[in-house]
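A closer look at the structure
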Amino acid sequence: MADLGPIGLSGFAMTELEERLYGRDRLAVIAATLARLDHIAAGIAAFQRSGPSPGDYARATTIGNAVAAARGVITGAHPAR
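Everything numeric in this text was worked out from a predicted model, so none of it was measured.

For the rest of this paragraph, the subject is the confidence of the model for the protein. Summary statistics for the protein give a mean pLDDT of 82 and a share of 77% for residues scoring 70 or more. Ranking the elements of the protein by mean pLDDT puts helix α1 (residues 16-21) last with 81 and helix α2 (residues 26-49) first with 94.

Time to look at the nonpolar core. With nine residues, the main nonpolar core is built from L21, V29, I30, L34, L37, I44, A60, V67 and I74. Secondary-structure elements contributing two or more residues to this core are α2 and α3 (54-77). Considering every element that reaches this core, the biggest residue donor is α2, with five residues.

Looking now at the pattern of salt bridges. Tallying each qualifying case throughout the model produces two salt bridges. Measuring nitrogen to oxygen at the nearest pair gives 2.7 Å for the salt bridge that ties R71 to D38. Taken together, the residues span a long stretch of sequence, with R71 in helix α3 and D38 in helix α2 at a distance of 33 residues. On the accessibility criterion, R71 (30% relative accessible area) is partly exposed. On the basis of relative accessibility, which here comes to 35%, the residue D38 falls in the partly exposed class. Between D56 and R59 there is a salt bridge, with its nearest N and O atoms 2.4 Å apart. Of the two residues, D56 and R59 are both situated in helix α3; the distance of three residues between them amounts to about one turn of the helix.

Reading the values: the criteria
Within any chain, residue numbers begin from 1 and follow the written order of that chain's sequence. Predicted model: local features are reported for residues with pLDDT of at least 70 only, side-chain atom pairs are reported and counted for 80 or more only, and whole-chain, interface and lining totals are derived from all residues. Side-chain metrics in this entry use all non-hydrogen atoms of the structure; hydrogen atoms and water are not considered. What pLDDT expresses is the predictor's confidence in each residue, scored from 0 to 100. The secondary structure listing takes helices from DSSP runs of H or I that are at least 4 residues long and strands from runs of E that are at least 2 residues long, numbered from the N terminus. Residue types Ala, Val, Leu, Ile, Met, Phe, Trp, Tyr and Cys, when buried and joined through side-chain atoms within 4.5 Å, form a set referred to as a nonpolar core. Only protein chains enter the accessibility calculation, which uses a 1.4 Å probe. A residue is then buried if its area is under 20% of the maximum for its type, exposed if over 50%, and partly exposed in between. Here, a salt bridge means any Lys or Arg side-chain nitrogen found within 4 Å of an Asp or Glu carboxyl oxygen.

Pasting the structure below:
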């Protein structure tokens, strides 16, 4: 079993984004994060339409799936909205 440290929470510190998502300006942070994710997704879609190699297309798809998952976390799992 992994060592969880003296209080059992080692490795579970909040990231800067998590802290901002729960902060006073959380709605603005959510909006900015979603805009950034949408921008990345649009870039990936444009890249895929440009005719990349099959390997590059597959990597772009993987990144696009990660972006979609991140968007889902921000829109569906965050209690600030």
